[in-house]
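# Structural overview for review
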Amino acid sequence: MAKAAVQFACVECGYSAGRWFGKCPSCGSFGTLQEEAPPPAPGTAKPKPLLRLVDVEAEEAARIPTGVAELDRVLGGGIVPASLVLLGGEPGVGKSTLLLTALAAISRERRALLVTGEESTAQVKLRAARLGGAERVEILAETELDAVCATLERERPDVCVIDSVQTLYSSELGSAPGSVAQVREAAARLLRVAKEAGVATILVGHVTKDGAVAGPRVLEHLVDCVLQFEGDRYHAHRILRAAKNRFGSTNELGVFEMTGSGLAGVPDPSELFGRTVAGEPGAAVACALEGTRPILLEIQALVAQTDLAMPRRVATGVDPKRLAMIVAVLGRHARVALGQADVFVNVAGGVRIDEPGADLAIAIAIASAARGSPVREGTAAFGEIGLTGRLRPAAQAERRLEECAKLGLVSVVAPAGTRGPGKPSIAAAETLRQAVKLALEEAPAE
């Protein structure tokens, strides 16, 4: 019998080749290709009967509420039974704390199991005592994949959390835990167990230095839902997003605040991120839309003269390419001179926005900073900017206006044609130049 060929796989992107490379040809990382054990020989299996879709009986399984409203929002209403969810995030962002809080709430009515491979049971007990309410959560400290799968098949809990998938290993594979082969095998085995035993499983995944989920890309393809937990140690707030969701929208946003007793959901993020100081040049309120939730955000801008041949365009929380486009449209169609100035834009609170409806607020903040004129008190803005300087309407304008009214704003600068309930009042503008005039306290010089 011919000997199986040796394969080398990249631990960063999953690229495989028949020989070793110092630099991965796919992702460009150095020293990441590791030898991968050949897969076991395929066994013999009997064919199974086929079904027509019309004969399949699909039972509407009720979602399992996690007890964390912000997590339920991002998942689409709760955890779907027998589903596989992947949660990734930076070290220390609060992944284990969030999931232990959810398990504590689930355990009041259902069986909840925590499989920990990174911490001992005593360490988990200390965190549970700080959070409170997790007395009924069952725990298993195990990293051997066969033992974990056998336990799930025998116990069949309603929800199981694996913390983390990179710590699991199978003795059948010769590679180390966390390698491409081990992570791929662990995800495939857990997916099969979750579907056959009806266990809703949540996998905690490590991330690379670029913020992507570590391991092979096939890991994200196998699971039903991929969640990204964003934040850093310098901010008390965390953002939860869905990068993939087979059972709901990927546009929802969850906001959490790290407190002494764990993560607490922020039901009204507009109150948190949308407050500005009156009479301060360079600050504007944007009404962005994250999924079905409108959110008010403070956009801060700084314009400073520079002696550099190529002025800088620095964006934090905004796409740098979109910022460069907005600056170009401001200079060409709104007559805001920015050719010899550095432009810095920041979204307060560490939030990132990619929605084009925030373009107008970014432009107004930059114009306010460049001309030294503050935005009119109690004014917000939303709308998309075209390259011709004309404003395009933003989606779901009524919901945005309702959010502005809830925060007490009296006026909104929006593209012409925007209709609302009457409060706040709408200052309609057809072009960016008109919008800048309406938003600033002092009319710009012609």
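Definitions and limits used
Residues numbered from 1 in each chain as written. Predicted model: local features only at pLDDT ≥ 70, side-chain atom pairs only at ≥ 80, totals over all residues. Heavy atoms only, no water. Pairing = 2+ DSSP bridges. Helix = DSSP H or I, 4+ residues; strand = E, 2+ residues; numbered from the N terminus. Axes fitted to C-alpha atoms, helices over the stretch in contact; angles between N-to-C directions. Left-handed = near helix turned anticlockwise from the far one by under 90°. Contact = heavy atoms within 4.5 Å. Nonpolar A, V, L, I, M, F, W, Y, C, P; charged D, E, K, R; others polar. Salt bridge = Lys/Arg side-chain N within 4 Å of Asp/Glu carboxyl O. Buried < 20%, exposed > 50% of the residue type's maximum accessible area, 1.4 Å probe, protein only. Arc of directions from axis to C-beta. Core = buried A, V, L, I, M, F, W, Y, C linked by side-chain atoms within 4.5 Å. Phe/Tyr/Trp six-rings, centres within 6.5 Å; stacked < 30°, edge-to-face > 60°.

### Focus: the pairing of strand β14 (residues 293-305)
If a strand is regular, its side chains alternate between the two faces of the sheet. Pairing geometry for strand β13 (residues 283-290) and β14, over eight bridges, is antiparallel. What sits directly across from A283, in β14, is Q300.

### Quick notes on the packing of helix α9 (residues 359-371) against helix α11 (residues 432-439)
Where α9 contacts α11, the axes come no closer than 10 Å and their chain directions differ by 65°. With respect to the hand of their crossing, α9 and α11 are arranged in right-handed fashion. Residues L360, A363, I364, A367 and R371 of α9 touch α11, and the partners they reach there are L432, A435, V436 and A439. For the contact of α9 with α11, the class distribution of residues is eight nonpolar, no polar and one charged.

### Quick look at the sheet that holds strand β20 (residues 411-415)
One open sheet holds the seven strands; their spatial order is β15-β16-β14-β13-β17-β20-β21, and the pairing between them is mixed. In the strand order of this sheet, the two ends are held by β15 (313-316) and β21 (425-429), each with one partner. This sheet shows a mean twist of 30° between the axes of neighbouring strands, independent of strand direction. As paired strands, strand β17 (residues 379-381) and β20 are joined by three bridges and run parallel to one another. By the bridge assignment for β20, A380 is matched with V412.

### Quick word on the pattern of salt bridges
Tallied over the entire structure, the rule returns 17 salt bridges. Two residues, D359 and R322, come together in a salt bridge whose shortest N-O distance is 2.8 Å. Here D359 is found in helix α9, whereas its partner R322 is found in helix α8 (residues 320-333), with 37 residues between them in sequence. We classify D359 as buried; its relative accessible area is 1%. Classification of R322 by relative accessible area gives partly exposed; the value is 25%. Here E403 ties to K406 by a salt bridge, and the two come within 3.2 Å at their closest N and O atoms. Taken together, the residues span about one helical turn, with E403 and K406 both in helix α10 (residues 397-406) at a distance of three residues. Residue classification places E403 among the buried positions, given a relative accessible area of 8%. Judged by its relative accessible area of 59%, K406 falls in the exposed class. One connected set of salt bridges, linked through shared partners, spans R111, E138, R154 and E155.

### Re α11
Looking at α11, one finds that the buried residues are L432, A435, V436 and A439. Each buried residue of α11 lies within a common arc of 100° when the element is viewed along its axis, so the set occupies one face.

### Considerations on helix α3 (residues 121-131)
Listed as buried for α3 are V124, R127, A128 and L131. Buried positions in α3, seen along its axis, are confined to an arc of 100° and lie on one side of it. Exposed side chains of α3 directed beyond 90 degrees from the buried face belong to K125, L126 and A129. Structurally, α3 contributes buried residues whose contacts are with α2 (95-106), β5 (112-116), β6 (138-141) and β12 (262-265). Just downstream of α3 lies G132, where phi reads positive at about 85°.

### As for the nonpolar core
Grouped together as the largest cluster of nonpolar side chains are 51 residues, with contacts concentrated most on I299, L330, V345, I364, I366 and L432. With nine residues, α9 is the largest single contributor of residues to this core. Residues in contact with I299, not counting those within four places in the same chain, are G282, A283, A284, A286, V345, N346, V347, I353, A361, I362 and A365. Grouped together as the second largest cluster of nonpolar side chains are 35 residues, V93, A104, I202 and L263 included.

### Points about the packing of aromatic side chains
Counted according to the given criterion, the structure contains one aromatic pair. Seen from their ring centres, F229 and F256 are 5.8 Å apart, and the 90° between their planes marks the pair as edge-to-face. Here F229, found in strand β9 (residues 225-230), pairs with F256, found in strand β11 (residues 253-259); they are 27 residues apart in sequence, far enough to count as distant. The two residues F229 and F256 agree in class, both being buried.

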